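# A structural walkthrough
Each chain, letter by letter, is given below.
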Number of protein chains: 2
Amino acid sequence: MKTVTLMFDIKGGNLIMKQLQADKTTNGYWAGFNGGDWQESIDVRDFIQQNLIQYDGDESFLAGPTEATTTLNNKVMALKQKEREAGGVLDADNNVPATLTSHGPGYIEKDLEKIVGLQTDKPLKRAFMPYGGIRMAEDALKAYGFETDPKMHEIFNEWRKTHNQGVFDVYTPDMRKARHYKIITGLPDAYGRGRIIPDLPRIALYGIDRLIEEKVTDHGNVGDGEMTDSVIKLREQIAEQVKALKGMKEMAASYGYDISRPAKTAQEAVQWVYFGYLAAVKTQNGAAMSVGRIDAFLDIFIQRDLDRGLITETDAQELIDQFVMKLRMVRFIRTTDYNDLFSGDPIWATLSMAGVGMDGRHHVNKTSFRVLKTLENMGAAPEPNITLLWDKRLPDGFKRYATKVSIDSSTIQYENDALMRNQWGTDYYGIACCVSAQPIADGVQFFGARANMAKTVLYAINGGIDEMGNAQVGPAAEPIKSEYIDYDDFMKKFDRQLDWVADVYVNALNAIHYMHDKYDYEAEQLCLKNSRLDYTFATGISGLSHATDSISAIKYGHVKVIRDENGIAVDFKADHDYPRYGNNDDRADSIAKMLVKKLYDKMNTHHLYHNAKLSTSVLTITSNVVYGKNTGTTPNGRQAGEPFSPGANPAYGAEQNGALASLLSTAKIPYKYATDGISNTFGVTPRTLGNDTNSQQDTLVNMVDGYMENKGMHLNINVFNRDTLKDAQAHPEKYPTLTVRVSGYCVYFADLTKEQQDDVISRTYFEAM
Amino acid sequence: MKTVTLMFDIKGGNLIMKQLQADKTTNGYWAGFNGGDWQESIDVRDFIQQNLIQYDGDESFLAGPTEATTTLNNKVMALKQKEREAGGVLDADNNVPATLTSHGPGYIEKDLEKIVGLQTDKPLKRAFMPYGGIRMAEDALKAYGFETDPKMHEIFNEWRKTHNQGVFDVYTPDMRKARHYKIITGLPDAYGRGRIIPDLPRIALYGIDRLIEEKVTDHGNVGDGEMTDSVIKLREQIAEQVKALKGMKEMAASYGYDISRPAKTAQEAVQWVYFGYLAAVKTQNGAAMSVGRIDAFLDIFIQRDLDRGLITETDAQELIDQFVMKLRMVRFIRTTDYNDLFSGDPIWATLSMAGVGMDGRHHVNKTSFRVLKTLENMGAAPEPNITLLWDKRLPDGFKRYATKVSIDSSTIQYENDALMRNQWGTDYYGIACCVSAQPIADGVQFFGARANMAKTVLYAINGGIDEMGNAQVGPAAEPIKSEYIDYDDFMKKFDRQLDWVADVYVNALNAIHYMHDKYDYEAEQLCLKNSRLDYTFATGISGLSHATDSISAIKYGHVKVIRDENGIAVDFKADHDYPRYGNNDDRADSIAKMLVKKLYDKMNTHHLYHNAKLSTSVLTITSNVVYGKNTGTTPNGRQAGEPFSPGANPAYGAEQNGALASLLSTAKIPYKYATDGISNTFGVTPRTLGNDTNSQQDTLVNMVDGYMENKGMHLNINVFNRDTLKDAQAHPEKYPTLTVRVSGYCVYFADLTKEQQDDVISRTYFEAM
């Protein structure tokens, strides 16, 4: 939010657009590239289309880490250990609101770093980011023993309002209740919404000056002079983006780099891309700060330097290693509440790779391999959140290498490229956070947390009274009073409560996104996207499996209600067995499908901020533990307080027919409603996959191929023995880098709470396919 | 913008509206008042209706100043003298952004003050108000030799955006041009828009707690839960208003007063009302910070105390004197540019009085007299801007006293009560700034400066090329190329340029009001009005008389164009004489009417921010000098750079048929379009009015009655000999408090620039009626 000298100068009586210093010799930077539309307008996808270098071989070409990388990595790992010992946070600012230029350059060890740039002036030192909410920033500091500078308290309470204050100024009593009783949880009203994928390659391909020039042109083209609110809003946003681009140049200059022009070398290309990401994480502490999709892009620059003889494979790997190392070092300071929802300090530096183009060519390239190789060169780590855009047509060599990494480190998630490419109409998309596809050039998501479907089932039974809080939260309606629950009666009552959930949920989000735009606009990320954007209004569902099984129980199991002295249902008894979600039984699975569509349709009747398009997700991340803790006993037999199953996973223990049947159930959830993603966290023991690595790889490849052919959307793959996890819980010192995939991201097992470790241990690890 | 603990508490599982501490014994405060609707809902007008105390006598009951008042006034006058000697500003904050509670209590001499409260901690010390624009705040300080604290520069550039930055982020090149070449001037994009009349009596009648309670109820009633942008906006605004009300209590408490409850005495009533005004001027440096209409209201409290024997008339006068003294002390620090437009440091503490009710009762009361008496008790002064809502039915005693004050001090303006009361549909309205009526309970104006109609005439002739800047500013159209101007040809071209002016003007204002609401919302004033408001979108016209006479010359005078080497018209010669506006000649006057309607209709085709209702004004304040300076020679013979006539006044020298003919011309401007006001600054020599005070009063009363009967809207009355002004210019020391009315406000003659003094001297002072 710096003062901008806009691009217009009044001079000699004429209004002249100041000639931006676009380097006229740009073609010099672009030597060796195939030309195309991308030269005329900002179009990274076209550049990739024209210059893609497919790789069909195996991993044998890869190089190990350089000494510099290893030295740096050891330093970072030592700092990470110190951080863990310090209770989670090593150091934190308390009096410098983070901006692009609030900090001078920071280094791990300057001379060894090929890729430079830290969020603050010291490694792992966390920045002070009050714009999402000063109270949260203060609470976060306090949680780790720091005090906020009193001047900051004054500034961000008296003079500069923050997002969180804005939201709470407009919430209705219903929204406060829904939030308090956790029928809607995790709303981004107290933290950054994140989920924006900047088109980072733009910086390397065009240089900042060209991007500014285009933004100035866009600014001129917003509206025909008629200043409606929406025209004003977009004009101001673009003006803020121009300031952000200028700030980025200044930030890079402090590290000695001139990013006003395109990158000349592979090193510069990686560095320029990283500066774009650094700009994002210096200014926003969004829940998910995605990196996007850069493998095919960077590969073109790397190959050019290799071809010119400027670098070796070892140099190339060093660039990628050190880039990834920087991604591993990103930190935010967060409140205890937040950490309960999203454990293990994740930031979702989601890095999407591979995939197949609209023209049928796969996009696997050597740099896709190089990124996977970082896990070997520097050890397993939760970040970046490596995401493979999977298609049956990906080359075998890559498929096998990927599954090998999964087996070794359980750090990869797999997502259905064909499903997403067709839904979103482009092959230049990336994953934001865990499972949310986003066109990189012109798509943005308004992140929306999730509603508790299992609790809604209980509200239907209890007439809107919260079973844990014993308070009227949902609409006051007639509860079910009969001894046994009648399915038709239940569904009518459920509909009424779900109407209310949809209403309160969507409208709370309307308030949130209005205020986020007003008080915490993400100019530093959006400046790297088109000016005209398609917005997705994300929402989410938690407790789907428990709601499904509960309704199945009501429908097929003749469920008797046990009530407390207040008449609140506290336990259930099913007289008969009933079908459960996770067994490829349509009787149950169709209930899950119905629930997703029903909530979607109800939400879609409402006003959606910024005319965004509604989407939903079935994804809980680690919040399944917190959701479960706040939800009473459900008719499917899940006891009060017990964790939900994560994401779209079947309830623990419900799956009785092996891995494949479970996967087939999940694959039935209709992606066309849940375009924000359907997460499946899959666990299997190594032995189940095969007796040796080779056959384990075969099984995994076949399983992922099969899942995706059946329109399964996403798989977190964990390959463990439960005993390993139990041992790691008992002896953490033996497993400092043991990484597990939870619902949509990775985490060091050691960074989870005891409660969450227990949850991970109790998850299903299939022992039969 | 303080953190608010909203009114909702979640407790025991239920959402409870916290019982605000509304004093249950309110009836105690209201003892002696007639009851009515006003007790059930916030309704000051109804309170006045039920309790109005008309006064039909003369001024003989009035008391002189107390010793305390005189001592305090002498101190203030000495400070004012010091301030003038210091170049205009005595002292200024540079590191404390002004809020309700940013300063501890300030006094002139505490023990003598019956009414307390200063904007800062010291008399005449000016506050630092960056929200309208940090650059302006800094420039203003610099203009008087102060430096802004660098930390403030950082905060309000890096962390907290201001109104001015927002506006310039969205302006189009056309808007920048229109502004730069001064076809549109004085836009509130670099200063507070002002023009909001808070319903100050609410505090005294109800106390702050009751007002908070009502606002919380209103907050609950905004929207049915569907969070559209407009619902969110209003909910947030009301939340900000609640914070402002709480801040006001805190501010008053620092002076030892508890305004949470209603006023118990006359002294408290005046003090509570003043605290409301103080809240406004502590937080907003709007161009016009109006006081509203408080005479009938305060009179009821004063009379109650007089009747109870608690106070004497001298005590009553002391309260009003000291209240008015405080209004005279309000100061803002402003830039040189601003002072050029609005000379003499005005703040428009416009205080409207008298008027007639919807039921036919006049509202003149003893306190209306007491306010006029302050001019005698403490000497003439420009503030407050005393405005009489004139109706033929006002009692004679008051009419004569008012004209006497006009003759003595030239400090009063007269406005047509019947015209405004009927237009706005209420008798509880006040004047904002100079001539802008505003329903006090539920009306708000978006202030809009003015467009230069005379320059638009020249753009039509020159094909949109600015005659002073020699640049294409208006739409590039065929200029008039013939030797003589053809009227029909001219009108077609004029239409095209006026279309453009209307478009750019209205849309610049759309941007301005959007950003003012976003970055500088007037919560401290709007918290004292209804939550649901009617907004007026104000605009204005300058140079009306010159445009009118120029078009009349073109139509009737056979005008020849003299062009420079670039083909720009630089002079005009009319072959024949032609009718001029200001002589009650319909041929010219109808052109003036046509111009007002034409611009209004063209502006009304556009989107208007917040669905406000369009209004326009014919009012220039002192900016007629600056407008003239930037406008070339016009076809009516006015030379390039010469001042325009102010407001709706005829061109100097054009009026040849005496005062009444001039007034009749002005009265023809249709108020239904120019509901923002039509200003007429009238000058007459004492001798012209009569040979003695009595006959001078008679003449003035008859003149004002006659003007208003003819639908004249407004009159500034100056009674001078031109020689007095010339003498005052030559010997300022002889006339330290000589006050003149300029277009819509008063100013100490000594505070005007030489240029503006010359303009005032050269105005018409009628020597024949």
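Remember, it's a predicted structure, so these values are computed and weren't measured experimentally. (Residues numbered from 1 in each chain as written. Chains lettered and ligands numbered in written order. Predicted model: local features only at pLDDT ≥ 70, side-chain atom pairs only at ≥ 80, totals over all residues. Heavy atoms only, no water.)

## What to know about the overall build of chain A
Along chain A, the regular secondary structure elements total 28 helices and 23 strands. For chain A, the spread of C-alpha atoms along the three principal axes comes to 85 × 65 × 50 Å. In chain A, buried positions account for 66% of the 769 residues. Long-range pairs, those at least 24 residues apart, make up 78% of the contacts in chain A with a sequence separation of at least 6. Carbon and sulfur atoms make up 46% of the accessible area of chain A, which totals about 24,000 Å². Where the 85 positive side-chain charges of chain A centre and where its 101 negative ones centre are 1 Å apart. (Helix = DSSP H or I, 4+ residues; strand = E, 2+ residues; numbered from the N terminus. Buried < 20%, exposed > 50% of the residue type's maximum accessible area, 1.4 Å probe, protein only. Contact = heavy atoms within 4.5 Å. Areas by Shrake-Rupley, 256 points an atom, 1.4 Å probe, with all protein chains shown as cover. Lys, Arg positive; Asp, Glu negative; His and termini not counted. Charge placed at Lys NZ, Arg CZ, Asp CG, Glu CD.)

## A word on the packing of aromatic side chains
Evaluated as defined, the whole model comprises 70 aromatic pairs over all chains. Summarising the aromatic geometry, the rings of phenylalanine 156 of chain A and tryptophan 159 of chain B are spaced 6.2 Å apart at their centres and angled 35 degrees between planes, so their arrangement reads as tilted. Of the two residues, phenylalanine 156 of chain A sits in helix 6 (residues 150-159) while tryptophan 159 of chain B sits in helix 6 (residues 150-159), which places them in two different chains. The class for phenylalanine 156 of chain A is buried, based on a relative accessible area of 0%. For the ring pair tyrosine 274 of chain A and phenylalanine 323 of chain A, a centre distance of 6.2 Å and an interplane angle of 85 degrees mean the geometry is edge-to-face. Of the two residues, tyrosine 274 of chain A is situated in helix 11 (residues 266-283) and phenylalanine 323 of chain A in helix 13 (residues 313-328); the sequence distance between them amounts to 49 residues. Just as tyrosine 274 of chain A is buried, phenylalanine 323 of chain A falls in that class too. An aromatic cluster is defined as three or more aromatic residues linked by ring pairs; in this entry it consists of Trp30, Phe33, Trp38, Phe47, Tyr206, Phe297 and Phe301 of chain A. (Phe/Tyr/Trp six-rings, centres within 6.5 Å; stacked < 30°, edge-to-face > 60°.)

## Things to note about the side chain of aspartate 676 of chain A
Since its relative accessible area comes to 3%, aspartate 676 of chain A is described here as buried. Non-local contacts of aspartate 676 of chain A, meaning those with residues more than four positions away in its chain, are made with Arg195, Val435, Ser436, Gln445, Ala538, Thr539, Ser615, Thr616 and Ser617 of chain A.

## Quick look at the relation of the copies chain B and chain A
Mapping chain B onto chain A leaves a residual RMSD of 0.0 Å; the transformation is a rotation of 180 degrees accompanied by 0.0 Å of translation along its axis. In the structure described here, the two chain copies are related by an operation that fits a two-fold rotation axis. Residue arginine 160 of chain B of chain B places its C-alpha closer to the rotation axis than any other residue of that unit, at 2.8 Å. (Least-squares fit on C-alpha atoms with pLDDT ≥ 70 in both.)

## Looking at the interface of chain B and chain A
Counting from both sides, the interface comprises 62 residues of chain B and, opposite them, 62 residues of chain A. Sorting the residues of chain B by area buried against chain A places Trp159, Met227 and Glu236 of chain B first, and these three jointly supply 14% of that buried surface. Summed over the shared surface of chain B and chain A, the result is 28 residue pairs in polar contact (both at pLDDT 80 or more). For the side of chain B that touches chain A, the elements supplying multiple residues, two or more each, are strand 1 (8-11), strand 2 (14-17), helix 6, helix 7 (163-170), helix 8 (173-180), helix 10 (229-254) and helix 19 (487-519) of chain B. Across the side of chain B that touches chain A, the residue classes break down as 27 nonpolar, 18 polar and 17 charged. (Buried area = accessible area lost by both parts, 1.4 Å probe. Polar contact = N/O pair within 3.5 Å; in protein donor to acceptor, adjacent residues only side chain to side chain. Nonpolar A, V, L, I, M, F, W, Y, C, P; charged D, E, K, R; others polar.)

## Quick notes on the state of the cysteines
As enumerated under the stated definition, the model contains zero disulfides over all chains in all. Free cysteine: cysteine 746 of chain B, not disulfide-bonded; nearest cysteine sulfur from cysteine 434 of chain B at 10 Å. (Disulfide = S-S within 2.5 Å.)

## Remarks on unusual backbone geometry
Note: most peptide bonds trans; most residues except glycine with negative phi. All names here are of chain A. For the peptide bond that leads from glutamate 383 to proline 384, omega is -10 degrees, which places it in the cis range. By secondary structure assignment, the location of proline 384 is in the loop between helix 15 (366-377) and strand 7 (385-390). A positive phi angle is found at leucine 124, which is not glycine, with a value near 65 degrees. By secondary structure assignment, the location of leucine 124 is in the loop between strand 3 (91-97) and strand 4 (125-128). For leucine 124, a relative accessible area of 4% corresponds to the buried category. Although it is not a glycine, alanine 354 sits at a positive phi angle of roughly 70 degrees. Its place among the elements puts alanine 354 in strand 6 (residues 350-354). The buried category is assigned to alanine 354, whose relative accessible area is 1%.

## Quick look at the packing of helix 18 (residues 453-462) of chain A against helix 21 (residues 544-556) of chain A
All names here are of chain A. Where helix 18 meets helix 21, the axes come as close as 7 Å, and the angle between the chain directions of the two elements is 35 degrees. Residues Met453, Ala454 and Val457 of helix 18 touch helix 21, and the partners they reach there are His546, Ala547, Ser550 and Ile551. In terms of residue class, the contact of helix 18 with helix 21 is built from five nonpolar, two polar and no charged. (Axes fitted to C-alpha atoms, helices over the stretch in contact; angles between N-to-C directions.)

## Brief notes about the sheet that holds strand 21 (residues 714-719) of chain A
Residues and elements named next belong to chain A. Strand order across the open sheet formed by five strands is 6-7-8-21-20, with mixed pairing between neighbours. Pairing within the sheet leaves two strands with one partner each, and these edge strands are strand 6 and strand 20 (681-684). Geometrically, the sheet is characterised by an average inter-axis angle of 30 degrees between neighbouring strands, direction not taken into account. The pairing of strand 8 (residues 412-416) with strand 21 spans three bridges and is classified as antiparallel. Looking at strand 21, one finds that glutamine 413 is bridged to asparagine 716. The sheet strands contacting helix 17 (residues 417-424) are strand 7 and strand 8, and the helix crosses strand 8 at an angle near 50 degrees. (Pairing = 2+ DSSP bridges.)

## Digging into the environment of threonine 739 of chain A
Residue and element names in this part refer to chain A. Within the fold, threonine 739 resides in strand 22 (residues 739-742). A relative accessible area of 2% means that threonine 739 is categorised as buried. Separated by ten residues in sequence, threonine 739 and phenylalanine 749 have C-alpha atoms that sit 5.5 Å apart. Those residues in contact with threonine 739, other than ones at most four positions away along the chain, are Ala380, Ala381, Pro382, Ser409, Ser410, Thr411, Phe720, Cys746, Val747, Tyr748 and Phe749. One polar contact links the side chain of threonine 739 to the main-chain carbonyl oxygen of threonine 737, over a distance of 2.8 Å.

## A few points about the environment of threonine 335 of chain B
All names here are of chain B. Within the secondary structure layout, threonine 335 lies in the loop between helix 13 (313-328) and helix 14 (336-341). Taking C-alpha positions, threonine 335 is 8.7 Å from glutamate 138, a pair spaced 197 residues apart along the chain. Filtering out sequence-adjacent residues up to four positions away, threonine 335 remains in contact with Met136, Asp139 and Ala140.

## A word on the confidence of the model for chain A
Residues and elements named next belong to chain A. Looking at chain A, the pLDDT average stands at 94 and 96% of residues meet or exceed 70. Residue range residues 1-25 is modelled with pLDDT below 50. Its contacts to residues more than four positions away, or to other chains, number 62 contacts. Taken over the whole predicted complex, pTM reads 0.95, whereas the ipTM for its chain interfaces reads 0.94. (pLDDT = per-residue confidence, 0-100.)

## Examining the packing of helix 11 of chain A against helix 12 (residues 295-308) of chain A
Residues and elements named next belong to chain A. The interhelical angle for the contact between helix 11 and helix 12, taken along N-to-C directions, is 160 degrees, at an axis separation of 8 Å. Here helix 11 lies roughly antiparallel to helix 12, going by the angle between them. Where helix 11 approaches helix 12, its residues Ala266, Gln267, Ala269, Val270 and Val273 are matched on the opposing element by Phe297, Leu298, Phe301, Ile302 and Asp305. (Parallel < 35°, antiparallel > 145°, perpendicular 65-115°, else oblique.)

## Some words on helix 15 (residues 366-377) of chain B
Residues and elements named next belong to chain B. With twelve residues, helix 15 extends 16 Å from end C-alpha to end C-alpha; this agrees with the ideal 16 Å at 1.5 Å per step. Here helix 15 lies mainly inside the structure; ten of its twelve residues are buried. For helix 15, every residue scored as buried is listed here: Thr367, Ser368, Phe369, Arg370, Val371, Leu372, Lys373, Thr374, Leu375 and Asn377. Positive backbone phi, approximately 85 degrees, marks glycine 379, located one or two places after helix 15. (Expected span 1.5 Å × (residues − 1).)

## Regarding the sheet that holds strand 13 (residues 534-538) of chain A
Residues and elements named next belong to chain A. Judged by pairing direction, the sheet is parallel, and its three strands sit side by side in the order 11-13-17 without closing on themselves. With one partner strand each, in any of the chains shown, strand 11 (443-446) and strand 17 (613-615) form the two edges of the open sheet. Each strand axis lies, on average, 30 degrees off the axis of its neighbour in the sheet, ignoring direction. Note that strand 13 and strand 17 share three bridges and pair parallel. Looking at strand 17, one finds that threonine 536 is bridged to lysine 613.

## Let's talk about the pairing of strand 13 (residues 534-538) of chain B
Residue and element names in this part refer to chain B. Burial runs high along strand 13: four of the five residues are buried. In this sheet, strand 13 lies alongside strand 11 (residues 443-446) in parallel orientation, the contact comprising four bridges. Looking at the pairing, phenylalanine 446 lines up with phenylalanine 537 of strand 13.

## Overview of the pattern of salt bridges
Enumeration over the complete set of coordinates arrives at 116 salt bridges over all chains. Measuring nitrogen to oxygen at the nearest pair gives 3.0 Å for the salt bridge that ties lysine 373 of chain A to glutamate 376 of chain A. Taken together, the residues lysine 373 of chain A and glutamate 376 of chain A, both in helix 15 and three residues apart, mark about one turn of the helix. Looking at lysine 373 of chain A, the relative accessible area reads 11%, which means it is buried. One salt bridge connects arginine 210 of chain B with glutamate 214 of chain B, and the closest N-O pair in it is separated by 3.1 Å. Linking arginine 210 of chain B with glutamate 214 of chain B, this pair stays in helix 9 (residues 201-220), spanning four residues, or about one helical turn. Arginine 210 of chain B sits in the buried class, given a relative accessible area of 17%. (Salt bridge = Lys/Arg side-chain N within 4 Å of Asp/Glu carboxyl O.)

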